[in-house]
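# Residue-level structure breakdown
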Amino acid sequence: MKTTTAAIALLVIAAALLAGCSSVRHVPTGSYLLDDVKVTLVDSAGRPADAEGVSTVELVNFLRQTPNHKVLGFAKLSLATYSLSGTDTTKWYNRWLRRVGQPPVIYDSVLTEASRRQLTQAMVNSGYMDARVAADTIHRGDRRMKVVYTIAPGTPRRVQSVGYNIADTALRRIVLADVAAEGTLRPGMLLDRTALDNERSRIARMLQNRGYYRFSRENINYTADTVAGSPLTALIMNIHAPAATAAATPDSALLADRQHHRYMIRRVNYYIDCEPGGAGARDTVDYRGASFYYGADHYLRPGLLYEMCPLNSGDTYSARSMERVYEALGRLAIVKFVNVRLNPAGTLGDIGLLDADIVLSRNKKQSVTAELEGTNSEGDLGFGIGLGYQHRNLAKGSELLSAKLRANYESLSGKFDGLVNKRYTEYAAEVGLTFPVFKCPFLSRSFKQRILASTEFAVSFNYQERPEYTRIIAGGSWRWKWQQQRRRALRRHTFDLIDINYVRLPRSTIDFIDQIAPSNPLLRYSYEDHFIVRMGYTYSITNRRLPSATDARNYYQPSVYSFRGSVETAGNLLYAISSIARQRRSDGVYKLLGIQYAQYVKGEADYTYTHALSGRSSLSFHVGAGICYPYGNSSMVPFEKRFYAGGANGVRGWGVRSLGPGRYDARNSVTDFINQCGDIRLDMSVEYRAKLFWVFEGAVFIDAGNIWTIKDYENQPGGLFQFNSFYKEIALAYGVGLRMDFTYFLLRFDLGMKAHNPAMNQEAWPIVHPKWSRDANFHFAVGYPF
């Protein structure tokens, strides 16, 4: 308790020192620090009010000048850091403080007036044509200024009716059918210019996906017919004919009649390491109606490109198809850049023709990586060596071959009587082969192009020597992966057709297993020979969008969600074969090659939602659950497939594998960790995140959760899940975190404290009587916890 009090006191003193540094220290004489800005909505009587479709939080984004960022709504840490610097910029620490801090924002009347005009325009764009915005300044002591923007929205304009003026009869049929099903313009809605503009873009995109190559949103505008004294507006959408052009093009005959026409693909040409038109090409191959121009060797087979590319001669033009070309060919490991150029190529009746030139440039074919590390464990020296190799075009089909080798060695001192090895040694090898296509018989080309799946084969081998035993772990897998972008959400799928895991102990000390686990089936299983032959499926979806390199530091989405669910089964096929073949059981179970194989089913689901409170702070929620159940050939789920609680991504008041199951009373983290696993898990978290200064971010969080067993195991007393009492066994934790965001990766330091401990014979509510040595856990990790 004394340690906790001292830590809190230090934090308070540090905060006081930062706050004590004058925030106007670097404000020039005669100028003012912009201390605060407020945006308010009022009614005609000047009372606070709301306006439909308008949020003061969003209106702040239109301000041309805002004050220095506040953490938790009051602490200007970035400004305080800058204020710690001196005026002598020749000294490195002054330059560093200024670089990581934020200079004071100096009040500017010109920018204030610009902000007032921006707010007025924002209100007009939202349908409030008569909105009035006033900007008032309030002088505060010690050269500080507060600006208050008061907005009187007035009566909003609404859409009374929606009409369509489309002279082109073919286009009119398409548009009217589309807006009846998907249109966003409705009578009664606000005359919101953003909504009108979004509908323009949506209709233009729809027509481009239906063959109208030359159509753009510029061909659409609106006519708003208003009546004096009435807030209602008759809205008409106008779709104009294409603009006349004097330039001679192969499709000039279509442009002359001032009508919108559909286009189709006449020919598809691939330029592989050469320029469109064939410049620099050394060889040409015609394959199924497409031409392939090679500037060097034939390092990509025509059949592969034809199978992957969703663009064919005779296809109606579609903007979405063009995007699919980039998605499909961009997955080729040997290809560095993809560029698609469309060229008008004449007409066929009233249909325009396009030639598609697909330009591919080659990536580096092979790469090698190496790693070297040294270790010192209480005077026992060791080292580790790792080698990695990649071949991105193994058989001219952009097959990705990856191989990893690793060796670790550590010497041991002391006596070795009765032990089988006198050192720690580990040799590991992993080989994977990834095909950029769906390797599965009986699938059509159109299905493969729609799914865009890759096929992965992998084998691994791990040989371990420990003083007490020698262990071999081998595995192999065959899986398919694919992803789909639909309605601004990215969906990822992984189907593990087969995944084999084999563990064998060829050597061990006499009675080794009986010594370490005389009556513990969990620990025995970890050191006994076993087989896992599983099949699984994983699905995930998220609306998270990656920012561009130019706005990565300031980019944020108003809300981000993600969901991940998975299900897997093991041993079913083997059990069916054993039963049909009437295989004799050994020790009550079926075995393969003399080794018992596992049989179970397992499912998990996790959901995360993050809401941005501003560009520099957010609130994130997470909930997760999972269950696994052994049956048939197994009485217990394999140890590595069971759930655990605690750690940097769990309930952070506990260390990894130190919580649960249920009310299990764990006293020794070394001997009890093997029992701290379960068949059911439940996790819940809420976390507030805020940018502090430079790359630093702060966080406060609350975690809840636990694990339970699905059966009453003797070695896990109190771990059984029971509906009438499980909620009493949910552990609670709270804490703070410090993160360092380097844009492309994030380092996380979290300090968690126990709040409610469900373990038997332990302090139930540590939050009432906190003890640092008992309740605090420090975590270091890469990336956010969820």
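Overview of the structure. (Residues numbered from 1 in each chain as written. Predicted model: local features only at pLDDT ≥ 70, side-chain atom pairs only at ≥ 80, totals over all residues. Heavy atoms only, no water.)

As a further point, take the overall build of the protein chain. From N to C terminus, the protein chain includes 16 helices and 29 strands. Each of the 786 residues in the protein chain was classed as buried or not, and the buried ones make up 43%. Within the protein chain, residue pairs in contact and separated by at least 24 positions form 64% of the contacts whose partners lie at least 6 positions apart. (Helix = DSSP H or I, 4+ residues; strand = E, 2+ residues; numbered from the N terminus. Buried < 20%, exposed > 50% of the residue type's maximum accessible area, 1.4 Å probe, protein only. Contact = heavy atoms within 4.5 Å.)

Attention now moves to the sheet that holds strand 4 (residues 158-166). Strand order across the open sheet formed by three strands is 4-6-5, with mixed pairing between neighbours. Looking along the sheet, the strands with just one partner apiece sit at the ends: strand 4 and strand 5 (220-226). On average, each strand axis in the sheet is inclined to that of its neighbour by 25°, with strand direction left out of account. When strand 5 meets strand 6 (residues 232-239), the two strands line up antiparallel, connected through seven bridges. (Pairing = 2+ DSSP bridges. Axes fitted to C-alpha atoms, helices over the stretch in contact; angles between N-to-C directions.)

Right, let's get into a nonpolar patch on the surface. There is a patch of nonpolar side chains on the surface, built from L372, F383, I385, L387, L405 and Y409 and spanning about 590 Å² of accessible area. Listing elements by their share of the nonpolar patch, those giving two or more residues are strand 13 (380-391) and strand 14 (400-411). It is strand 13 that contributes the most residues to the nonpolar patch, three residues altogether. Owing to a relative accessible area of 45%, L387 belongs among the partly exposed residues under this scheme. (Patch = residues over 30% accessible without salt bridge, like charges linked within 9 Å, V, L, I, M, F, W, Y side chains within 5 Å. Areas by Shrake-Rupley, 256 points an atom, 1.4 Å probe, with all protein chains shown as cover. Salt bridge = Lys/Arg side-chain N within 4 Å of Asp/Glu carboxyl O.)

This paragraph deals with the packing of helix 6 (residues 169-182) against helix 7 (residues 193-208). A packed helix pair is summarised by two numbers, namely the angle formed by the two axes and the spacing between the axes. Running from N to C, helix 6 and helix 7 point in directions that differ by 125°, and their axes come no closer than 11 Å. Classified by the angle between their axes, helix 6 and helix 7 sit oblique to one another. Both helix 6 and helix 7 take part in a crossing whose hand is right-handed. Contacts between helix 6 and helix 7 involve L171, I174, V175, D178, V179 and E182 from the first element and E199, R202, I203, M206 and L207 from the second. (Parallel < 35°, antiparallel > 145°, perpendicular 65-115°, else oblique. Left-handed = near helix turned anticlockwise from the far one by under 90°.)

With mixed pairing, five strands are arranged side by side in an open sheet as 8-9-7-11-10. Each having just a single partner strand, strand 8 (283-287) and strand 10 (335-348) make up the two edges of the open sheet. Geometrically, the sheet is characterised by an average inter-axis angle of 20° between neighbouring strands, direction not taken into account. Across five bridges, the pairing between strand 7 (residues 263-272) and strand 9 (residues 290-294) is parallel. Counted as the bridge partner of N269 is S291 from strand 9.

Our next topic: the pattern of salt bridges. Tallying each qualifying case throughout the model produces 50 salt bridges. Linking K76 and D35 is a salt bridge whose minimum nitrogen-to-oxygen distance equals 3.0 Å. Of this pair, K76 sits in the loop between helix 2 (56-59) and helix 3 (77-83) while D35 is found in strand 1 (residues 33-41), placing the two residues 41 residues apart along the sequence. The class for K76 is buried, based on a relative accessible area of 15%. D35 gets classed as buried once you look at its relative accessible area, which sits at 12%. Measuring nitrogen to oxygen at the nearest pair gives 3.7 Å for the salt bridge that ties D35 to R144. Of this pair, D35 sits in strand 1 while R144 sits in strand 3 (residues 144-152), placing them 109 residues apart in sequence. Residue R144 is classed as partly exposed on the basis of its relative accessible area, which comes to 21%.

Interpretation note: all reported values are geometric properties and have no functional meaning in isolation.
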